[in-house]
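Overview (structure and organization)
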Amino acid sequence: MLADYVLGPAGYEVLTAEDGNSGLETVRHFDPQLIITDYEMPELTGLELVEKLKQNGFDIPTILITSDNSQELVIRAMRAGVSDFVCKPFEANDLLEAVKRIWPDSPTLAPKPEASGSELERRVCELRALGKIAKSLTAELDLEPVLNQVVDAAVRLTGAEEGSLLLVDEESGELYMRATQNFDQEMARNLRLKMSDSLAGEAMRNRTPVTLSSANAHKIATAYLVKDLIYVPLLSNGKAIGVLGVDNRFTNRSFDREHVRMLTALADYAVIAIHNASLYEKTEHERDTLDAVLSRAEDVVILVDTENKVLLCNPAARGAFDVEGNSLEGQPLADVISHEDVLDLFAQNCDDGRDCTREIELKNNKVLYAHLTIVEGVGRAAVMQDISHLKELDRIKSDFVTTVSHDLRSPLTAILGYVELIGRVGPINKAQNEFINRIIFSVQSITALISDLLELGRIEAGFDVDRKPTPMRFVIRYAVEAQRQHLESRKQALEVDVPEGLPNVLGNPLRLKQMVTNLLENAIKYTPERGQIAIRAHSDNDMVIIEVSDSGVGIPPAQQTRIFEKFFRADNADSATGTGLGLSIVKGIVEQHDGRVWVESKLGEGSTFIVVLPAYVPQPV
Ligand code: ADP
């Protein structure tokens, strides 16, 4: 009927739908410019329709026709984004006017009959104002403007002379004026109202609005008289946190129930806005604190989002990597930092449980120890500590050990020589012979330790600069041959699988053989008699991969990351002799050849050491 007799003749093109669900479909297919819906509809109410449309991303002005103008419905409708109301019963012109309010340039309207629905019009107008206020209020995040806007809106909506917003002073329990409109400033600053014997306190205590309407002025505080007044409580989760009030001191224009309703609705929005603003204030404060901590921290902190775009780069990070410019946020990491090691670190995928750590050397010879972690829901963060002093200590310690080892070697050689001579210069008994053997064994162990230390010192110092294309097939064969006897004595089976076409590695052949030997010796040592040992090699993507595996005792998971440290021996090593330096030498050699080494091991099942070295690719002449 509306389509045929009201909207159609007024020049609008109208589509109709019988119920909420088909309304939803119509909107989806035809994307209209305006929706007019009854609140009461089968299956889906008009309000649910608006809510659904909003969820689906439609933002189409909507007029709700309803006979229920309860406060709950009005507030819910406004929250859902309803643009206007038309209350039943209504006349054709009321509807056309509502349309006109949304589209001021729409076709001409029939002349409005005098005095028709003026009350309804006033109400709709007020509701529209309230809707607008609510929108701007909930968008504001600073507490001060929020409070001022609330009071300003209260005065405008009710046409009152003055408005005030009172909050509770936590210390004294009294109400004080937090924001005012048209109040005498001096008065507003000093006004304090007791909770027990004031009208504002009454609204708080009873959690209901309080009104006053009298021909004679009423005293609300010392020397403060008003004629009409409304106080509505600000209720947050059922608890009153303050009072919103309007009053008239001079005019005789009393407030009505509508005004109380409007103020109550406004108070609801005010509470949401106050809540938002305080949350925002709190978050801002926390952010400032965090900023202060990060900007003073000596550690380098870099935070990126899931697309490797910078979220945070603290001053220490800027200093370390010579980052220039102020607004780095949102820029790709590679545009901000050029240090390759940092980019490599962030290129790692640290969600596979592996530790994402790396040492990063800076131009000024400082060394940072970087740790990359996933920050759930944000991205990834790298925290880097300056370990230059530790590096220096390590160097001094290594120098010391190398010097001492060197000086120990000559006296030890002398001891060994003389002990071996004892038997030749005269007869010795069985017990003496046994003691001599023990001395020889101990001196040999110390000599082995010293040799390992000296080797490691040499590798770490980078003395072996001499490199040539080395066929790993031969290196492995020599290392295996040297262990044959050892293998046979332990009755262990060895499988060797090294393809003929394995590419060369650019390096020092003796060191590479030493690396394979150390791994093989360990495999033999930590595998019981008759166990299986295998050495396999293959190439992949310009890399040579060597795997030494055994069916031995395995390494406890918690200690697997530590076995490459100097002198570290895992709990499984009790029965075997050793210095704890073999794998440090392996790691030193591999790293000197720009490779990587790691272990995969299961306790009681065996271990596999994997070495990856760059293949030597001859440059075309
Ligand atoms: P060690 O002289 O003690 O063998 P290494 O540096 O060669 O010193 O090895 C360090 C530790 O790693 C060993 O003490 C042992 O606990 C463990 N380990 C090394 N290789 C193996 C292996 N193949 N199987 C089990 N554990 C091993």
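Residues numbered from 1 in each chain as written. Predicted model: local features only at pLDDT ≥ 70, side-chain atom pairs only at ≥ 80, totals over all residues. Heavy atoms only, no water.

1. Digging into helix α2 (residues 20-30)
Along α2, the residues classified as buried are Gly20, Gly23, Leu24, Thr26 and Val27. In an axial view of α2, the angular spread of the buried residues amounts to 160°, which keeps them on one side of the axis. Close packing links the buried residues of α2 with β1 (35-38) and α3 (46-55). Between the side-chain oxygen of the N-cap and the backbone nitrogen of asparagine 21 there are 3.1 Å, and the N-cap of α2 in question is aspartate 19. A positive backbone phi angle near 45° is found at aspartate 31, which sits one or two residues after α2. (Buried < 20%, exposed > 50% of the residue type's maximum accessible area, 1.4 Å probe, protein only. Helix = DSSP H or I, 4+ residues; strand = E, 2+ residues; numbered from the N terminus. Arc of directions from axis to C-beta. Contact = heavy atoms within 4.5 Å. Polar contact = N/O pair within 3.5 Å; in protein donor to acceptor, adjacent residues only side chain to side chain.)

2. Quick word on the site of the ligand
Near the ligand there are 21 residues, and of these Asn522, Tyr526, Arg569, Asn572 and Leu583 occur at the shortest range. Contacts to the ligand include threonine 579, whose backbone N or O atom sits 3.0 Å from an oxygen atom. Within the side chain of serine 607, an N or O atom sits 3.5 Å from a nitrogen atom of the ligand. The element best represented in the shell around the ligand is helix α17 (residues 509-525), accounting for three residues. (Near = heavy atom within 4 Å.)

3. Describing the nonpolar core
If you look at the biggest cluster of nonpolar residues, it comprises 46 residues, and the most contacted ones within it are Leu165, Leu234, Leu244 and Leu266. Of all elements in the fold, only α3, α4 (71-80), α6 (118-139), α7 (143-158), β4 (162-168), β8 (224-236), β9 (239-248) and α10 (257-296) reach the threshold of two or more residues within this core. With twelve residues, the single largest contributor to this core is α10. Sequence-distant contacts of leucine 244, that is, excluding residues within four places in its chain, are made with Val150, Ala154, Ser164, Leu165, Ile230, Tyr231, Val232, Leu234, Leu263, Leu266 and Ala267. Of all hydrophobic cores here, the second largest spans 42 residues; its members include Ile459, Leu519, Phe564 and Leu581. (Core = buried A, V, L, I, M, F, W, Y, C linked by side-chain atoms within 4.5 Å.)

4. What about the layout of surface pockets?
If a probe the size of a water molecule is rolled over the atoms, the empty space left behind becomes visible. When its volume is computed, the largest pocket comes out at roughly 2,700 Å³. The wall of the largest pocket is formed by 50 residues, among which Thr357, Glu359, Phe564, Lys587 and Glu591 lie closest to the centre. Contributing elements (two or more residues each) for the lining of the largest pocket: β12 (357-361), α14 (388-425), α15 (430-461), α18 (582-592) and β20 (596-602). The biggest single contributor to the lining of the largest pocket is α14, with eight residues. Taken together, the residues that form the lining of the largest pocket break down as 16 nonpolar, 13 polar and 21 charged. Empty space within the second largest pocket amounts to approximately 960 Å³. Lining the second largest pocket are 30 residues, with Val14, Leu15, Thr16, Ile35 and Ile36 sitting closest to its centre. At the level of secondary structure, the elements contributing two or more residues to the lining of the second largest pocket comprise α1 (2-7), α2 and β1. (1 Å grid on protein atoms, 1.4 Å probe; cavity = no way out; pocket = protein on both sides within 12 Å on 5 of 7 lines; lining within 4 Å. Points joined across faces, edges and corners; volume = space filled by probe spheres on them. Nonpolar A, V, L, I, M, F, W, Y, C, P; charged D, E, K, R; others polar.)

5. Brief notes about the packing of aromatic side chains
Following the criterion strictly, the structure yields one aromatic pair and no others. An angle of 75° between the planes, with centres 6.2 Å apart, marks the rings of phenylalanine 564 and phenylalanine 609 as edge-to-face. Of this pair, phenylalanine 564 sits in the loop between β19 (543-550) and α18 while phenylalanine 609 sits in strand β21 (residues 606-614), placing them 45 residues apart in sequence. Residue phenylalanine 564 shares its accessibility class with phenylalanine 609, and that shared class is buried. (Phe/Tyr/Trp six-rings, centres within 6.5 Å; stacked < 30°, edge-to-face > 60°.)

6. Focus: the pairing of β12
With five bridges joining them, β12 and strand β13 (residues 367-375) adopt antiparallel strand pairing. Along β13, the bridge assignment pairs arginine 358 with alanine 370. Connecting the antiparallel pair β12 and β13 is a turn made up of five residues, with asparagine 365 showing a positive phi of about 70°. (Pairing = 2+ DSSP bridges.)

7. Considering helix α9 (residues 199-206)
Among the residues of α9, those classed as buried are Leu199, Ala200, Gly201, Ala203 and Met204. Backbone geometry just after α9 places arginine 207 at a positive phi near 55°.

8. Details of the sheet that holds strand β2 (residues 62-66)
Ordered by their spatial adjacency, three strands build an open sheet running β1-β2-β3, and the pairing between neighbours is parallel. Unpaired on one side and paired on the other, β1 and β3 (84-87) mark the two borders of the sheet. Here the strands of the sheet are splayed against their neighbours by 20° on average, with no regard to which way each runs. When β1 meets β2, the two strands line up parallel, connected through four bridges. Bridge assignment links isoleucine 35 to a residue of β2, and that residue is threonine 62. Against the sheet, helix α5 (residues 92-102) engages β1, β2 and β3, with an angle of about 175° to β3. (Axes fitted to C-alpha atoms, helices over the stretch in contact; angles between N-to-C directions.)

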